[in-house]
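The residues making up each chain are set out below.
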2 protein chains.
Amino acid sequence: MAQSTTRQFRPLPVPSVDVAGFWGDWQEAVCDETAAILLDRCVEARMLEQIDINVPSPGLVIPVVGWLGTTQMFWDSDLAKSIETIAYSLYRKPNPELEARADAIIDMYERLQEPDGYLGSFFIRIWPEERWTNLRDFHELYCAGHMIEAAVAYFQATGKRKFLDIMCRYADLIIEKFGRGPGQMRGYCGHEEIELALVRLARVTGEQKYMDLARYFVDERGQQPNYFIDEAKRGGWDPKGVQAHVFEYNQSHQPLRDQRKVVGHAVRAMYIYSGMADIATEYNDDSLTPALEALWNDLTQKQMYLTGGIGPAASNEGFTDYYDLPNESAYAETCASVGLVFWANRMLGRGPNRLYADTMEQALYNGAIAGLSRDGKTFFYENPLERAGKHHLWIWHRCPCCPPNIARLVASIGSYMYGVADHEIAVHLYGESTARVELSGGEVTLTQQTQYPWDGAIALTVAVAKPTTFALSLRIPAWAKGAAIAIDGQRLELDDITTDGYARMEREWHAGDSVRLDLPLVPRALRANPKVRQDAGRVAVMRGPLVYCLEGTDNAVGLNSILLGDGLGRSQTATIPNFNGAIAIDLPVLREVAEGWGDALYAEAAPTAEPDTARMVPYHLWDNREPGEMLVWLRADRQP
Amino acid sequence: MAQSTTRQFRPLPVPSVDVAGFWGDWQEAVCDETAAILLDRCVEARMLEQIDINVPSPGLVIPVVGWLGTTQMFWDSDLAKSIETIAYSLYRKPNPELEARADAIIDMYERLQEPDGYLGSFFIRIWPEERWTNLRDFHELYCAGHMIEAAVAYFQATGKRKFLDIMCRYADLIIEKFGRGPGQMRGYCGHEEIELALVRLARVTGEQKYMDLARYFVDERGQQPNYFIDEAKRGGWDPKGVQAHVFEYNQSHQPLRDQRKVVGHAVRAMYIYSGMADIATEYNDDSLTPALEALWNDLTQKQMYLTGGIGPAASNEGFTDYYDLPNESAYAETCASVGLVFWANRMLGRGPNRLYADTMEQALYNGAIAGLSRDGKTFFYENPLERAGKHHLWIWHRCPCCPPNIARLVASIGSYMYGVADHEIAVHLYGESTARVELSGGEVTLTQQTQYPWDGAIALTVAVAKPTTFALSLRIPAWAKGAAIAIDGQRLELDDITTDGYARMEREWHAGDSVRLDLPLVPRALRANPKVRQDAGRVAVMRGPLVYCLEGTDNAVGLNSILLGDGLGRSQTATIPNFNGAIAIDLPVLREVAEGWGDALYAEAAPTAEPDTARMVPYHLWDNREPGEMLVWLRADRQP
């Protein structure tokens, strides 16, 4: 690794954190349901036929009406993300049957791998003549990236090296193939992902060469002349022929260091920004910082839904214009919010800063986990902020990128909770958990006891074999007005110890030292910047990190007839039955009355409004009960 | 024709009405610009190559990026509607060059027509083997219908019979081919249109057989077993394979008399309902009335935009759910509003009723003419009620059905203004004009002097060769609170003489008799039924038949920051420069102030509002000046 004199924070390996409470419940669902469902669906989609050399190649299978599976150039990524999910689930909850199924797939990949290390199933079994011919569209390095991530996870969880070794061989081939040397391809993938994967591979193997390859991909992207133009000329296609494939679509329109505006396909953008942040951390490369910070502000100040959903348009699965955030037609792909969590987490690599961690939490608790049903069995691909009752959780999707993506995030969430430097532990996310941290001064076990996010009281306990000096940095979310902190009962003045939104406590810690943090969870009413025309005159409710919504099942038909005035101050919380302590908010509202309208579609009469009570529930739980209407942005009563 | 003892109202032939004033200006634009532009664009689209047997067949030409024209199975309809427009324009304004171009096309069709009368260019020149094989998708009878309408119009305007004779030969072949007799096809077109065209052909030729064929198509549609199932079986395709082609899409899911819900492709629906209404009128067929009335209410009470736009969804170019009327993504195709005008006009065939005429006027002045720029040079295909400034008038469209459809409507508008029965003239629409009407008692010339729709004062003068007894029925729009009427200065009590919203004055009329009608044009604020969730908390402004909108060019950026309270009562009218007396409404509003927001996308602060003045202009004139934002439904200030 590159040497550094500045702080470099890396996430904890997944097995170093035991998660309970809120995230523990979600992880249980992934262990008990999702992990196996992912594999089942992959099998139904005929993915194994594509990779198993012991069965005949299915050839090119085109999706049809009444879909029964197909071959696909990105199937390896879906299998990989499923294996990655299984890996994390095995660590939490041993499951010999599931582990055997994963091992069998890994064995198939071992048999499939070519002598030179190449391992893309579509370009071994279906289209060998097209190997490496279309980096822009064919997802080869993208698949390699996901397989690398899966191999790292499987090694960490099980100790088995086979998959990791397979992927090191493939990564070695990629090192040979790609670069600026003679005979090498000076290209990079149209769908970014391998960059962040190579960083993970380098961290787990200690091999600098993988880090350097990641850096090459980051450095090379968008250099002129653009690789994809030459590639198109060689292939005989129009480099601008397909709308979705202009260079902005995959962030190759400029060198990454020159980019200031978040554009194109949302997931691709999140993945490459994640890779950039990793490289900035690992190489202490400040030349990436201006781009990263500008892109961060561009996204979070102009292009992000309150839920942390991003990419409003289905047409490019990505970004449109500033402040264009339609609610009902929001694309806001689950994968994109997952990707935002990835990026935010990596922006913490240069040091804790709630600018990133608050948004990580916001995307995680809302836009991301809304993509998985609470029972772990069904999924959302799109995450609108308003629906008339036609949008329900999917069993599966033809482009099934989202289910394993949210599943692997949930199953590995412990890794996102903590950032660790030589002499410092930063707590980015709160939740019942135990973390084992190797610092330069020795091992520290940090325990959180909390009902967060339902309750804001968090008790942290330090366990050390001997008194150890290190800094413990706790995030104080920007929304947590009146937060309070105390060590062993002794209250600290937050302002004095807080930098970049983290309360930093550097001292010699002794076994049993305890820190008590209180984050007031007061429901608050948010407005959107008036430039967001779709939210004008509307108000959203958050409590802690959670965005709330109205659902038809709790309220009568016609959610847009509800007006929120000053009722939030008189709201009450209640427990939602059958959701492990999840908190609803019951609040006084006005409700416009439709009676007296008769049959007219348009009339001069103004509606009357009557007092009513509305129930709001966490957005991430919508559509987990009865299907029906849903609304995040309530109409605001301007003059209550 | 069938005999009748009840009132049967038929529209006046286009040459019987001279139009001036508001519609005269529009017709000038069509004569001077649109008529020639339509032909030019048809030529650019390579339509003539498809029909001209003196040039080689272009074969099947697929649309490509950087489109340079193509062959198409519906090109005949676009040429026909263009010729129909030219026909009406020639009547108003002789143009030998344009007439020669139309004659040349008619000559091409004469040469193209097969000995048996068949005349579908695509199935003569491109795909002869597919003739009549796919009535559902291939538009053959639809094209025939438009060509019949064009032939009727060209005959009426020029007196030339050639095109009419050509189309009678084709219609005779269709009579031979289609029906319930032995050896006949018991089918009908997937895209309705020929039904209403055959009625026009019967009326102009006096041939009952064409009327009977129209009746057959109306009677047969949706009968079981469904024709399209057998057709699909013969063709070897899945009758339900394509989503857009389920039977509701083309209104063949049930016999028409059983239908009560407006479904499917909006233009198709309007055309067949028009044909149904024509048949009801011509045959005094009351068995169609329950369906027609139920469908009318279904459309206008649950599925129509305030503009008379219909069909909110692009996916099926048609209807979705009740009360689903999204503003920004509204499809609301120009052709569909034109079709609604057609249908409404034909619902007046059994007698004047403002239930139909008010909506005819609403669709005409808003959703329909918004599709044509005021200078006659550019077009809208979709007619949203809100835009962020990305939606501009088209030069042309690949499926160019709308430009000639709105052009032919404008050019023939006189025909829609008057309904005539044996002893009665009904004035459905007001506007500066002179109509020559043949009644049983003799010819009557009726003159309207008015600045309508900018001013509500209408002076009608009767000219007769000798005193003549007939009824003159004037529509009193439902919105015209305080309307007043007087004959020769003598005020009448409206309530005493009004039936179904028409003031009926039956008397012996003498030359020079005058009627004065005053329709107060007071701006009014409309609300949508609370079930329309997209319009909740919003208000729209109408003045007379015109829907008004905000445009960015008159108001600062951010139209959704404008709140309308009680300002309408204090509004003032003003003339919009360069639009022939068109009236704007300047009204006091509140405007939310965005200052102080800084960079945050979401914040807890509520915006403040300041008094401001907003200018509203007629919706049909939007995008005729500077491009930019547009908004019909303003935010309502609930408690001003």
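Criteria and thresholds
Residues numbered from 1 in each chain as written. Chains lettered and ligands numbered in written order. Predicted model: local features only at pLDDT ≥ 70, side-chain atom pairs only at ≥ 80, totals over all residues. Heavy atoms only, no water. Domains from an automatic or database assignment. Contact = heavy atoms within 4.5 Å. Buried area = accessible area lost by both parts, 1.4 Å probe. Salt bridge = Lys/Arg side-chain N within 4 Å of Asp/Glu carboxyl O. Polar contact = N/O pair within 3.5 Å; in protein donor to acceptor, adjacent residues only side chain to side chain. Nonpolar A, V, L, I, M, F, W, Y, C, P; charged D, E, K, R; others polar. Phe/Tyr/Trp six-rings, centres within 6.5 Å; stacked < 30°, edge-to-face > 60°. Helix = DSSP H or I, 4+ residues; strand = E, 2+ residues; numbered from the N terminus. Buried < 20%, exposed > 50% of the residue type's maximum accessible area, 1.4 Å probe, protein only. Lys NZ or Arg CZ within 6 Å of the ring centre and 35° of its normal. Pairing = 2+ DSSP bridges. Axes fitted to C-alpha atoms, helices over the stretch in contact; angles between N-to-C directions.

(A) Expanded view of the domain arrangement of chain A. All names here are of chain A. Along its sequence, chain A is carved into domain 1 (10–418), domain 2 (422–518) and domain 3 (525–636). Using only C-alpha atoms to locate each centre, domain 2 and domain 3 end up separated by 36 Å. Contact residues are listed per partner, giving four residues for domain 2 and eleven residues for domain 3. Between domain 2 and domain 3, the buried area comes to about 560 Å², and carbon and sulfur atoms account for 69% of it. For domain 2, the biggest contributors to the area lost against domain 3 are Pro 453, Trp 454 and Trp 479; these three give 93% of the whole. Counting across the interface, domain 2 meets domain 3 through zero salt bridges. Counting the contacts that link domain 2 with domain 3 gives one residue pair in polar contact (both at pLDDT 80 or more). Across the side of domain 2 that touches domain 3, the residue classes break down as four nonpolar, no polar and no charged.

(B) Fine view of the packing of aromatic side chains. All names here are of chain A. Inspection of the entire model under this criterion finds 62 aromatic pairs over all chains. When the centroid spacing of 5.6 Å and the interplanar angle of 25° are considered together, the rings of Phe 123 and Phe 138 count as stacked. Linking Phe 123 in helix 5 (residues 121–126) with Phe 138 in the loop between helix 5 and helix 6 (140–158), this pair joins segments that are 15 residues apart in sequence. When its relative accessible area of 11% is taken as the criterion, Phe 138 is described as buried. An angle of 50° between the planes, with centres 6.3 Å apart, marks the rings of Tyr 188 and Tyr 227 as tilted. With a gap of 39 residues between them, Tyr 188 in the loop between helix 7 (162–177) and helix 8 (194–205) and Tyr 227 in helix 10 (residues 227–235) connect regions that are remote in the sequence. Relative accessible area serves as the criterion here: at 1%, Tyr 188 is assigned to the buried category. By the ring-pair criterion, three or more aromatic residues cluster together here, those being Phe 22, Trp 23, Trp 26, Tyr 365, Tyr 430, Tyr 452 and Trp 454. Residue placement shows Lys 302 over the ring face of Tyr 322; its charged tip is 5.1 Å from the ring centre.

(C) Representation of the interface of chain B and chain A within the structure. Tallying the contact residues gives 54 residues for chain B and 54 residues for chain A. Note on chain B versus chain A: buried area summed over both sides is about 4100 Å², and carbon and sulfur give 52% of it. By the criterion of area lost to chain A, the three top residues of chain B are Arg533(B), Leu601(B) and Tyr602(B), representing 20% of everything that side buries. At the boundary of chain B with chain A, the tally comes to four salt bridges. Across the pair Glu328(A) and Arg533(B) runs a salt bridge, and its minimum N-O distance is 2.2 Å. Where chain B touches chain A, the interface holds 14 residue pairs in polar contact (both at pLDDT 80 or more).

(D) View of the sheet that holds strand 13 (residues 502–509) of chain B. All names here are of chain B. In space, the six strands of this open sheet follow the order 1-4-5-9-13-12, with mixed pairing throughout. Edge positions in the sheet fall to strand 1 (10–11) and strand 12 (498–499), since each has one partner strand and no second. The pairing of strand 4 (residues 418–421) with strand 5 (residues 424–427) spans four bridges and is classified as antiparallel. Residue pairing in the sheet places Val 420 in a bridge with Ile 425 of strand 5. Sitting on the sheet, helix 14 (residues 354–368) touches strand 9 (468–475) and strand 13, and the angle it makes with strand 9 is about 60°.

(E) Focus on the sheet that holds strand 8 (residues 457–464) of chain A. All names here are of chain A. A sheet is described by the order of its strands in space; here seven strands give the open sequence 2-6-7-8-14-10-11, paired in antiparallel fashion. Of all strands in the sheet, those bounded by a partner on one side alone are strand 2 (17–19) and strand 11 (490–492). Direction aside, the axes of adjacent strands within the sheet are offset by 20° on average. Pairing geometry for strand 10 (residues 484–487) and strand 14 (residues 514–518), over four bridges, is antiparallel. Bridging from a neighbouring strand, Ile 487 pairs with Val 515 of strand 14.

(F) Expanded view of the pairing of strand 20 (residues 583–593) of chain B. All names here are of chain B. Strand 20 sits mainly inside the fold: eight of its eleven residues count as buried. Examined bridge by bridge, strand 18 (residues 562–564) and strand 20 share two bridges and lie antiparallel to one another. For Leu 563, the partnering residue across the bridge sits in strand 20 and is Leu 590. Pairing of strand 19 (residues 572–575) with strand 20, which is carried by four bridges, proceeds in the antiparallel orientation. Each bridged residue has a counterpart across the sheet, and for Ala 574 the counterpart in strand 20 is Ala 584. Sheet topology places strand 20 next to strand 22 (residues 608–618); nine bridges connect them, and they run antiparallel. By the bridge assignment for strand 22, Pro 588 is matched with Thr 613.

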